[in-house]
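Given next are the chains, with one letter for each unit.
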Amino acid sequence: MTLPRAATPLHDRPAASHWTQLDPMLLIVTVLLVGYGLVMTYSTTAETRTFTGDPMQFVLRGALWAAVGFLVMAGVALFDYAWLGTFAPVLYAITLGLLFVVLQIGTSSLGAQRSVNIAGLSFQFSEVAKILMIVVLAKYFADHRDRIGSPLVIGFGLVLLAPAVFLVYRQPDLGTSLVFIAIFFGIAFLAGARVWQLTALAAIAGAALPLVWSLLKDYQRGRLGAFLDPYADPQGAGWNIIQSLIAVGSGGPTGKGLTAGTQSPLGYLPIAESDFVFAGLAEDLGFAGAVILFALYIVLLVAALRVAFRARDPFGLLIGGGVATMLLFQILVNVGMAISLMPVTGIPLPFISHGGSSLVSICFALGVLQSVSMRREPDGP
Amino acid sequence: MRQDPRAFVRPRRFIAFGIAMLVVFTALTARLYDLEIVHGDYYRDLAEQNRILRLPVTAERGGIVDRNGYVLARNVPGFAVSVIPVDLPRPREQELALRLASLLNFPSDAVADQIRTQRVRNPYEPVRISTAPVPREIAIGISERAELFPGVRVDPESIRLYADGTLYAPLIGYTGPITQDEFEKLKDAGYLADDDIGRTGIESVYEQYLRGTYGWREIERDAAQREIKTLALQQPGVGDTVVLTIDDRLQKLLDAELRLGVEEDRFTQAVGVAMNPQNGDILAMVSIPGYDNNMFARGITSKEIAALNADDRHPLVNKAIGDIYPAGSTFKMVTGLSALSEGTATRDTQVNVTAMSFSVSGTPFFDWRAHGPLTFVTGFAHSSDIYFYTLAAGTPFAPNVRGVGPEAIAKYGKMLGFGAPTGIDLPGEAAGIMPSPEWKLENKNEPWTIGNTYQEAIGQGFVAVTPMQLLNAYASVANGGTLWQPHLLKQVIDSQGTVVAKPAPQMIRKLDMTQENLRLLRESARRVVTIGHAYMPNAKLPIAGKTGTAEFGAATGKDGAGRNKLGFHNWFVSFLPQADNTDPTAQIAMVIFTYDSSKSLCENCFNPAVGMTQRILEAYVLGGNK
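Cut-offs and rules
- Throughout this description, residue numbers start from 1 for each chain and increase along the sequence as written.
- Ligands are numbered from 1 and chains lettered from A, in the order in which they are written.
- Predicted model: local features are reported for residues with pLDDT of at least 70 only, side-chain atom pairs are reported and counted for 80 or more only, and whole-chain, interface and lining totals are derived from all residues.
- Comment: elements are numbered from the N terminus, with helices defined as DSSP H or I runs of at least four residues and strands as E runs of at least two.
- Neighbour counting defines burial: a residue surrounded by 20 or more other C-beta atoms within 10 Å of its own C-beta is buried, one with 12 or fewer is exposed, and intermediate counts give partly exposed, using backbone-placed C-beta atoms.
- Here, residue contact means that the backbone-derived C-beta atoms of the two residues sit within 7 Å.
- Fitted lines through C-alpha atoms serve as axes, helices being fitted only where they are in contact, and the angles separating the N-to-C directions of these axes extend from 0 to 180 degrees.
- In this scheme, roughly parallel covers angles under 35 degrees and roughly antiparallel covers those over 145, while 65 to 115 is roughly perpendicular and the rest are oblique.
- In this scheme, a crossing is called left-handed if the near helix is turned counterclockwise away from the far one by less than a right angle; it is called right-handed if the turn is clockwise.
- Each residue gets one of three labels, nonpolar for Ala, Val, Leu, Ile, Met, Phe, Trp, Tyr, Cys and Pro, charged for Asp, Glu, Lys and Arg, and polar for the others, Gly among them.
- Here a strand pair is declared whenever DSSP counts at least two bridges between the two strands.
- The nonpolar core criterion groups buried Ala, Val, Leu, Ile, Met, Phe, Trp, Tyr and Cys residues into a set whenever they are joined through C-beta atoms within 7 Å.
- As used throughout, domain bounds are those supplied by an automatic or database domain assignment.
- Residue-level confidence of the predictor is what pLDDT reports, using numbers from 0 through 100.
- Here the expected span of a helix is defined as 1.5 Å times the quantity of residues minus one.
- The arc in question is the one spanned by the directions pointing from the helix axis to the C-beta atoms.

1. Side note on the overall build of chain B
Then, in step 1: Broken down by element type, chain B carries 22 helices and 23 strands.
Then, in step 2: The 626 residues of chain B split such that 45% are buried.
Then, in step 3: Summarising the internal contacts of chain B: among those between residues at least 6 apart in sequence, 72% fall at separations of at least 24.

2. Structural notes on the overall build of chain A
Then, in step 1: From N to C terminus, chain A includes 14 helices and two strands.
Then, in step 2: Buried positions account for 51% of the 381 residues belonging to chain A.
Then, in step 3: The long-range share in chain A, meaning contacts at least 24 apart out of those at least 6 apart in sequence, stands at 73%.

3. Topic: the packing of helix H5 (residues 125-143) of chain A against helix H14 (residues 356-374) of chain A
Residue and element names in this part refer to chain A.
Then, in step 1: Put simply, H5 and H14 touch, their axes get as near as 8 Å, and they point 20° apart. In terms of axis orientation, H5 runs roughly parallel to H14. Remark: the crossing between H5 and H14 carries right-handed chirality. Of the residues in H14, those touching H5 at Glu127, Val128, Lys130, Ile131 and Ile134 are Ser357, Ser358, Ser361, Phe364 and Ala365.
Then, in step 2: By residue class, the composition of the contact of H5 with H14 is five nonpolar, three polar and two charged.

4. Quick notes on the environment of Ile292 of chain A
Then, in step 1: Looking at where Ile292 of chain A falls in the secondary structure, it is placed in helix H12 (residues 277-309).
Then, in step 2: A count of 14 C-beta atoms within 10 Å places Ile292 of chain A in the partly exposed class.

5. A short note on the sheet that holds strand E1 (residues 52-57) of chain B
All names here are of chain B.
Then, in step 1: With respect to topology, three strands assemble into an open sheet ordered E1-E8-E9, the strand pairing being antiparallel. The open sheet has two edge strands with one neighbour each: E1 and strand E9 (227-234). Ignoring which end each strand starts from, the neighbouring axes of this sheet average 30° apart.
Then, in step 2: Taken together, the six bridges between strand E8 (residues 215-221) and E9 define a ladder with antiparallel strand orientation. Paired with Glu220 across the strands is Lys229, a residue of E9.

6. Side note on the interface of chain B and chain A
How big an interface is tends to be expressed through the accessible area that disappears when the partners come together.
Then, in step 1: Every contact between the two is made by 33 residues of chain B and, on the other side, 39 residues of chain A.
Then, in step 2: When contributions to the side of chain B that touches chain A are tallied by element, the ones reaching two or more residues are helix H1 (11-38) and helix H2 (40-51) of chain B.
Then, in step 3: The element that contributes the greatest number of residues to the side of chain B that touches chain A is H1 of chain B, accounting for 16 residues.
Then, in step 4: Among the residues making up the side of chain B that touches chain A, the classes are represented as 21 nonpolar, five polar and seven charged.

7. Regarding the nonpolar core
Then, in step 1: Counting residues in each nonpolar core, the largest one holds 127 residues, and the members touching the most others are Val242, Val273, Ala274, Leu471, Tyr474 and Ala589 of chain B.
Then, in step 2: For this core, the leading source of residues is helix H20 (residues 467-478) of chain B, giving eight residues.
Then, in step 3: Shared between two domains, this core takes at least three residues from each, and those domains are domain 1 (55-244) and domain 2 (248-303 + 315-622) of chain B.
Then, in step 4: Excluding anything up to four places from it in sequence, Tyr474 of chain B contacts Met333, Val573, Phe575 and Ala589 of chain B.
Then, in step 5: Among the nonpolar cores identified, the runner-up in size contains 122 residues, and Val102, Phe184, Phe189 and Val248 of chain A belong to it.

8. Notes on the confidence of the model for chain A
Then, in step 1: The pLDDT averaged across chain A works out to 86; a share of 90% of its residues lies at or above 70.
Then, in step 2: Per-element mean pLDDT across chain A ranges from 77 in helix H10 (residues 218-228) of chain A up to 96 in helix H13 (residues 314-338) of chain A.

9. Remarks on the pairing of strand E14 (residues 357-360) of chain B
Then, in step 1: Bridge count for E14 of chain B against strand E15 (residues 363-366) of chain B is four bridges, and the pairing is antiparallel. Considered in E15 of chain B, the bridge of Phe358 of chain B is made with Phe365 of chain B.

10. Some points on H2 of chain B
Then, in step 1: With 12 residues, H2 of chain B should cover 16 Å at 1.5 Å per step; its first-to-last C-alpha distance of 16 Å lies within 8% of that length.
Then, in step 2: Buried within H2 of chain B we find Gly40, Tyr43, Ala47, Asn50 and Arg51 of chain B. Across the axial projection of H2 of chain B, the buried residues extend over an arc of 85°, all falling on one side. What points out from H2 of chain B, more than 90 degrees from its buried face, is the exposed set Asp41 and Gln49 of chain B.
Then, in step 3: Where H2 of chain B is buried, its residues meet helix H11 (239-251) of chain A together with H1, E1 and E8 of chain B.

11. Notes on the sheet that holds strand E21 (residues 544-552) of chain B
All names here are of chain B.
Then, in step 1: Pairing in this open sheet of five strands is antiparallel, and the strands run E12-E11-E23-E22-E21 from one edge to the other. Two strands close off the open sheet at either side, each with one partner strand: strand E12 (282-288) and E21. Each neighbouring strand pair of the sheet contributes to a mean axis angle of 10°, computed without reference to strand direction.

12. Points about helix H22 (residues 608-622) of chain B
Residues and elements named next belong to chain B.
Then, in step 1: Across its 15 residues, H22 extends 21 Å between first and last C-alpha, which sits within 8% of the 21 Å expected from 1.5 Å per residue.
Then, in step 2: All of the buried residues in H22 are Pro608, Ala609, Val610, Met612, Thr613, Gln614, Ile616, Leu617 and Tyr620.
Then, in step 3: Close packing links the buried residues of H22 with helix H10 (248-263), E21, strand E22 (567-575) and strand E23 (589-596).

13. Some remarks on the packing of H5 of chain A against helix H7 (residues 174-190) of chain A
All names here are of chain A.
Then, in step 1: Where H5 contacts H7, the two axes come as close as 10 Å, and the packing angle between them is 25°. As the angle between them shows, H5 and H7 are arranged roughly parallel. Viewed along their axes, H5 and H7 form a crossing whose handedness is right-handed. Residues Ser126, Lys130, Met133, Ile134, Leu137, Ala138 and Phe141 of H5 form the contact with H7, whose participating residues are Thr176, Val179, Phe180, Ile183, Phe184, Ile187 and Ala188.
Then, in step 2: Tallied by class, residues from the contact of H5 with H7 come to 11 nonpolar, two polar and one charged.

14. Overview of the environment of Leu60 of chain A
Then, in step 1: Checked against the element boundaries, Leu60 of chain A lands in helix H2 (residues 57-78).
Then, in step 2: Judged by the 13 C-beta atoms lying within 10 Å of it, Leu60 of chain A is partly exposed.

15. Focus on unusual backbone geometry
Residue and element names in this part refer to chain B.
Then, in step 1: Following Ile288, the chain continues into Pro289 via a peptide bond in cis, with omega recorded as 5°.
Then, in step 2: The phi angle at Asp265 is positive, at roughly 65°, despite the residue not being glycine.
Then, in step 3: Along the polypeptide, Asp265 turns up in the loop between H10 and strand E11 (269-275).
Then, in step 4: Residue Asp265 is classed as partly exposed on the basis of its C-beta count, with 13 C-beta atoms lying within 10 Å.
Then, in step 5: Even without being a glycine, Ser383 presents a positive backbone phi close to 55°.
Then, in step 6: Along the chain, Ser383 falls in the loop between helix H15 (376-381) and helix H16 (385-393).
Then, in step 7: Taking the C-beta count within 10 Å as the criterion, Ser383 has 24 such neighbours and is therefore assigned buried.

16. Considerations on the environment of Asn122 of chain B
Then, in step 1: Mapped onto the elements of the fold, Asn122 of chain B is located in the loop between helix H4 (108-121) and strand E4 (127-128).
Then, in step 2: Residues Asn122 of chain B and Ile84 of chain B, spaced 38 residues apart in sequence, show a C-alpha to C-alpha distance of 9.2 Å.

17. Focus: the confidence of the model for chain B
All names here are of chain B.
Then, in step 1: Confidence along chain B averages 89 in pLDDT terms, with 95% of residues attaining 70 or more.
Then, in step 2: The secondary-structure element of chain B with the lowest mean pLDDT is E1, recorded at 81, while strand E17 (residues 482-484) shows the highest, at 97.
Then, in step 3: In the model output, the complex is listed with pTM 0.69 alongside ipTM 0.92.

Here you go:
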């Protein structure tokens with residue numbers, strides 16, 4: 001019996017030996033999903049009927065971001081994720097700093113996520129902040145898992161979370177602030193927090209809903225109202241929901257074919273390459289295309305959870321759990337929104353929504369997961 | 001005991017997480033299955049409705065021609081001017097509104113308002129500025145100087161053009177914008193909210209043929225309603241051509257005479273109708289004053305419509321069918337045929353008119369002269385009132401002649417078509433009045449008097465007829481006893497020249513009268529022209545007919561327009577037998593009615609309708625039927 005390597009996290013083995021423990025399933029499904037995303041970008045934007053200019057420009061840009069994403073992933077995987085834990089307080093400061101900067105100088109369009117323009121490119125810092133927050137919360141709960149049963153531990157976790165949620169909410173980006181909350185619950189749950197405490201917390205949040213309602217912006221209330229009854233204002237607040245349902249439903253079993261959908265190129269489906277990308281996918285590729293996407297997601301999530309399950313330490317486990325939670329929640333909310341199971345919030349669909357920040361952030365997160373996988377206890381002989 | 005180094009892994013939490021995952025994906029998949037598999041067709045339809053718009057393509061309206069193919073109504077190209085707000089820079093809005101307004105003769109505020117409203121509603125959709133077709137010169141002017149007219153679009157559009165508008169307006173009518181109520185009723189038949197529809201006259205009656213079959217164009221549009229491309233096109237079918245029974249040559253001869261009479265102030269209003277007694281074909285129909293239906297085709301102004309409404313001669317009414325007048329002496333035919341048919345008189349019934357008047361219960365009844373002894377033919381030829389008083393109700397001049405009575409006169413009057421619309425294919429026909437004792441009790445709540453019978457006998461009192469009814473009654477005598485339904489439709493032909501519809505002449509009824517009596521009437525009518533009231537000098541044709549005169553209005557004084565208040569209706573209803581002057585083969589019958597309240601009224605002048613009839617028929621029949 002040897003001493004667990006976890007006891008000496010900063011003592012890494014030579015890098016070359018880690019690659020054998022790279023999670024191939026996670027890597028393959030990542031590549032497939034990135035590819036699927038590019039196909040969908042092509043299908044929803046390569047439209048010569050209404051747009052002028054290069055019809056492939058969005059696809060090329062997406063491919064470029066994908067390349068950047070893979071580089072980031074590989075780079076991150078090289079380093080022992082324990083370093084992230086070491087610098088967790090710094091990362092936390094960066095998280096809040098980024099969100100604060102967005103709030104100060106970010107530009108928003110149509111209530112979507114705010115972005116910061118640097119050198120002609122727009123960056124959505126809250127996408128990066130989500131990943132950093134996963135690391136911070138994973139580190140916190142990993143360090144305090146011995147006293148996880150104490151309400152104080154949960155309470156201080158909330159204190160860590162609250163400023164980020166508040167800053168994102170002020171953007172205003174209700175969807176992303178909900179993602180932060182979901183991440184908190186997911187990590188706390190896998191860290192072993194008492195179920196009754198989490199339930200109580202959720203109950204308190206539920207009880208506070210009227211308060212939240214009063215804090216919502218008018219357009220947010222309109223979206224919630226439209227979710228409950230889109231036909232109350234079919235040309236206004238209900239428009240997106242109705243057009244999205246039409247797009248999805250009209251896809252049928254196998255879809256209309258790539259670029260053959262009509263809802264998005266003719267402008268009926270708004271933000272068709274990002275927020276409502278799933279509606280475009282369901283229209284072009286139908287039920288079959290959606291089920292294939294779901295299957296890829298399930299493989300991705302299972303792979304992420306397996307990495308977490310086999311992690312050498314609680315920190316790695318919780319990072320894996322946090323990333324899985326974030327992905328699952330975003331899938332649920334984005335797809336649910338397109339099929340009117342969820343109110344409209346501008347959260348990107350992982351891999352499929354066109355957008356560099358989201359893709360690179362996810363690649364970063366998956367790079368961390370690969371790092372966790374590579375540094376687990378070696379498999380049996 | 002040593003702690004498990006991997007105690008931090010909680011498998012049950014992972015299982016719970018996995019279950020949550022399964023729940024999420026199951027829910028999403030189930031919902032997708034419902035949307036795409038179960039309701040896929042429904043949403044596919046919705047998507048198509050979103051995307052595809054079927055726009056109507058209007059058909060060119062069919063023409064209207066006379067019996068020889070002379071074109072009375074056709075379409076000429078005009079233009080519609082619209083503005084697409086999105087192509088009009090906002091700062092230039094005011095300037096453009098001013099320029100368009102001055103060009104189209106609109107207030108510039110209204111134009112600017114229209115553009116602004118549309119900009120808010122849907123800036124990609126053109127808003128139509130011109131309310132009536134714009135002439136070619138203006139349209140070209142706008143197209144050539146596009147830089148002065150940003151966002152302005154000029155589209156071709158048809159204008160209805162009526163040749164000889166005023167001459168034919170009373171029977172052809174005009175088209176106009178569909179009303180909301182009509183649209184509600186007709187939208188299933190393919191009418192559009194901004195459609196034109198036949199408003200009156202032939203345009204209205206034969207709308208179904210003239211309208212044509214609208215086509216459609218299926219376009220793909222984006223969410224902003226911009227047209228992306230045409231997906232399918234169904235060409236419209238041109239409307240059918242309506243061929244009228246009218247002969248333009250006769251119509252113009254009739255019109256020229258009547259118009260001249262009005263211009264010379266011999267009378268102020270006039271009606272002329274000619275028909276073929278053998279089948280009810282209307283050959284000409286003139287009502288003066290009329291109106292120019294081209295005013296309606298190009299969009300009538302409120303000033304013009306006000307002027308038409310202010311004219312107390314009612315130019316918008318087709319008086320040939322739409323107004324009723326006392327028939328005067330022309331009605332003696334009815335009295336005579338009643339007495340002959342009931343056997344209370346024969347051609348030899350003699351009345352010795354020894355005086356110009358007689359009294360009943362203190363009321364005097366006059367004749368225009370003391371004629372002396374009269375038989376049926378001479379009584380009719382000289383239009384003796386006393387002769388027909390005698391046939392109707394008996395007089396002291398012929399104690400042995402029994403009057404036929406008002407019931408019989410009403411019976412035969414109705415048989416001849418009085419008191420009911422003829423059913424001609426025009427809107428707005430009046431029924432007229434064929435009085436009877438029963439009618440008077442019902443409508444006036446008074447018993448019938450013998451004086452009523454006397455008045456009725458000579459076409460005065462309660463008797464009221466349309467010129468069309470009177471003509472048709474004489475036509476039935478002229479053709480040997482068949483009352484045809486007068487009609488204007490000869491046939492309908494499509495754009496290839498194929499006959500689509502050709503209605504057979506409709507008989508209203510056979511007269512229950514003997515050929516001998518009808519022949520006697522024709523003979524008497526011929527004598528009216530040869531020895532009697534309507535003497536025609538140098539007559540070249542064997543015209544037969546009957547005059548009629550009725551006074552109306554106050555006895556003395558002038559009205560505000562300087563016309564005599566006392567006026568006369570003058571009638572001459574005629575027919576033209578072919579061979580022996582009494583045969584039932586007349587090919588033409590005509591009624592001329594004048595309404596004489598002119599400033600230069602001449603009470604004792606010859607009935608102007610007689611001379612006009614002679615000139616018109618001689619010119620028409622002898623001038624060659626080209």
